[in-house]
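These are the residues of each chain, in order.
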Amino acid sequence: MISPRWRAARGESPRRAPTLLALATAALACAGSPVAPGAQVLARLDAAAPAGPGQLAWSPDGEQLALARPDGLLLLDVERGSTRLLPGAPALTVDWAPAAELLLVEREGAATRAVALDPATGQRRTLHADPALASARWLHGGPEWLAVTARREVVSFGTEVRLGLLRGAGGKVATLHSWDDTLPTRDPSVDATGGWLAAVPNPVDHRLVVPVFHKPPIFSPHLRFVSIDPFDPAPVELGRVEAGLWTAAASWAPDGRRLAFAAADGSLRLLHLDGRIEAPAGPARGRHPSFGPRDDVLFLGGWLVTARGEPLRQLLAGAPGASGLWSPDGHRLAVVDGGRIFVFGGLGGAAPAEAAARRERAREALWRLGELRRAELLERRPYRQQRELLLRQLVEVVE
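Residues numbered from 1 in each chain as written. Predicted model: local features only at pLDDT ≥ 70, side-chain atom pairs only at ≥ 80, totals over all residues. Heavy atoms only, no water.

Asker: Explain the overall build of the protein here, please?
Answerer: Each helix and strand counted, the protein has four helices and 28 strands in total. Buried positions account for 52% of the 399 residues belonging to the protein. Element-wise, carbon and sulfur atoms account for 53% of the exposed surface of the protein, whose accessible area totals about 17,800 Å². (Helix = DSSP H or I, 4+ residues; strand = E, 2+ residues; numbered from the N terminus. Buried < 20%, exposed > 50% of the residue type's maximum accessible area, 1.4 Å probe, protein only. Areas by Shrake-Rupley, 256 points an atom, 1.4 Å probe, with all protein chains shown as cover.)

Here you go:
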């Protein structure tokens, strides 16, 4: 049953934000609604333009959704069905859970900056300014953070792209990894940065994996998936695939041992940390797979599917390009399809308590180990050995 949940926000003026929130009943009454029968829609937002990677973020409690917009930041209270605008400079991206503060990248004229924002008071503090900033997200719940810089220039023989991965800690900013190359296209609409903007830290060991495009002079182009440890940023290639697409947004499984991405035909692919690339035989198709809080459930192309690519439940019809963002507890899913944003509820999917506790212990232990490496109290070789030992001891959980 479709069950919209709307209550007026207490003491809130309807003029605080433009009316972007449409009642689910009204949205679903429209002819040709894409929502599948039986899906529980908690909210629908009609945005002026499609939301890209990093423009949506859940609060730590999974009750609010933040949307980066040209007039600031829009907060949607899913429980009450109300919206609140935090006005400011145009926001490019936003991150929230698990930190208490919002982390924005906002652009005002030629100035672009990463800003920490208190959602209760609206107070801002600038963390870093760089005209090339494209996105930022919290690392281990803050106050440290990661950011992506992006520069592109269309030239006579293609498009020159320069991407950088930054880390901010203690008021200092360091470059972890950078990539320069030329894409064989002059089309300014081609997405060259999505795989970097959508990259999130591994839920257990904090590493990031970013796709890097290569076009050798003679051989076919390919994508390399490069792993970056924020404490020991020597890049490590995990695997490579034929470049049917020039960017690949990947999603970590909750155990941190696999990444999901889509092949050129939309079929599911799984990249394991040992470099194996698995091609599940299931029929599911889509462009942006997103793992939920259980290892065997993903959102892909409007469907909930297993890690074998087998359809479980349809949420949106005709949505191969839809992307999904799970709430921290896994009970809700925000789905972006073009200029529409749907919030689905009643999904369940919370990770088993024992497995979640083991992963949290592993995450904390690996973070402490990484701090020793960053302080140069551990050399690279013993750091990597101890890191792998911790992963074997604490991550290999039979669920």
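From this point on, the discussion continues.
Asker: So what exactly am I meant to see when it comes to the sheet that holds strand 22 (residues 290-291) here?
Answerer: Whether parallel or antiparallel, the strands of a sheet pair through hydrogen bonds between backbone atoms. Pairing is antiparallel across the open sheet formed by four strands, whose spatial order is 22-23-24-25. Looking at strand neighbours, the two that pair on one side only are strand 22 and strand 25 (311-314), the edges of this open sheet. Both strand 24 (residues 303-306) and strand 25 contribute to a ladder of three bridges, which runs antiparallel. Bridge pairing in strand 25 links Val305 to Pro311. (Pairing = 2+ DSSP bridges.)

Asker: Any chance you could explain the nonpolar core here in plain terms?
Answerer: Generally speaking, nonpolar side chains in soluble globular proteins are found buried as a group. Core analysis: the biggest nonpolar cluster contains 43 residues, and Leu165, Trp179, Trp196 and Phe225 have the highest contact counts within it. If we ignore the near neighbours within four places in the chain, the residues touching Trp179 are Val161, Arg162, Leu163, Trp196, Val212, Phe213 and His214. (Core = buried A, V, L, I, M, F, W, Y, C linked by side-chain atoms within 4.5 Å. Contact = heavy atoms within 4.5 Å.)

Asker: I tried to follow the pattern of salt bridges on my own but got confused; where do I start?
Answerer: Between side chains of opposite charge, pairing is possible as soon as their charged atoms come close. In this structure the tally under the stated criterion is 28 salt bridges. Here Asp274 makes a salt bridge to Arg276, at a shortest N to O gap of 2.9 Å. Between Arg374 and Glu371 there is a salt bridge, with the nearest N and O atoms lying 3.9 Å from each other. Within this pair, Arg374 and its partner Glu371 are both found in helix 3 (residues 353-374), separated by three residues, close to a single helical turn. The class of Arg374 is partly exposed, set by a relative accessible area of 36%. Residues joined by salt bridges that share partners form a network here, namely Asp205, Arg207, Asp229, Arg387 and Glu388. (Salt bridge = Lys/Arg side-chain N within 4 Å of Asp/Glu carboxyl O.)

Asker: Explanation requested: the side chain of His272 in the structure shown.
Answerer: Here His272 shows up in strand 20 (residues 268-272). Ignoring sequence-local partners within four residues, the contact set of His272 consists of Arg257, Arg258 and Glu278.

Asker: What is the right way to look at the packing of aromatic side chains in this model?
Answerer: The relation between two aromatic rings is expressed through the spacing of the ring centres and the mutual angle of the planes. What the rule picks out here adds up to three aromatic pairs. Seen from their ring centres, Phe225 and Phe261 are 4.8 Å apart, and the 45° between their planes marks the pair as tilted. Note that Phe225 is positioned in strand 16 (residues 222-229) and Phe261 in strand 19 (residues 258-262), a separation of 36 residues in sequence. The burial state of Phe225 is the same as that of Phe261; both residues are buried. The ring of Phe231 is capped by Arg167, whose NZ or CZ atom sits 4.6 Å from the centre of that ring. (Phe/Tyr/Trp six-rings, centres within 6.5 Å; stacked < 30°, edge-to-face > 60°. Lys NZ or Arg CZ within 6 Å of the ring centre and 35° of its normal.)

Asker: I'm lost on helix 3 in this one. Help?
Answerer: Turn by turn, an α-helix covers 3.6 residues, leaving residues three or four places apart pointing in a common direction. In this model, helix 3 (22 residues) spans 31 Å end to end at C-alpha, consistent with the 32 Å of a helix rising 1.5 Å per residue. One or two steps after helix 3, the chain reaches Glu376, where phi turns positive at roughly 65°. (Expected span 1.5 Å × (residues − 1).)

Asker: Is there a simple way to think about the pairing of strand 14 (residues 172-183) in this case?
Answerer: Taken residue by residue, a regular strand's side chains alternate between the two faces of the sheet. As judged from the eleven bridges shared by strand 13 (residues 158-169) and strand 14, these two strands associate in the antiparallel manner. Paired with Arg167 across the strands is Ala174, a residue of strand 14. The turn linking strand 13 back onto strand 14 is made up of two residues, and Gly170 within it adopts a positive phi angle of 60°.

Asker: Just to check I follow, could you spell out the environment of Leu316 for this structure?
Answerer: For Leu316, the position within the fold is in the loop between strand 25 and strand 26 (323-326). By relative accessible area, which is 0% here, Leu316 ends up buried. Measuring from C-alpha to C-alpha, the distance between Leu316 and Phe342 comes to 9.3 Å, with 26 residues separating the pair along the chain. In this structure Leu316 touches Pro34, Val35, Ala36, Gly301, Gly302, Val335, Asp337, Phe342 and Phe344, once residues within four positions along its chain are discounted.

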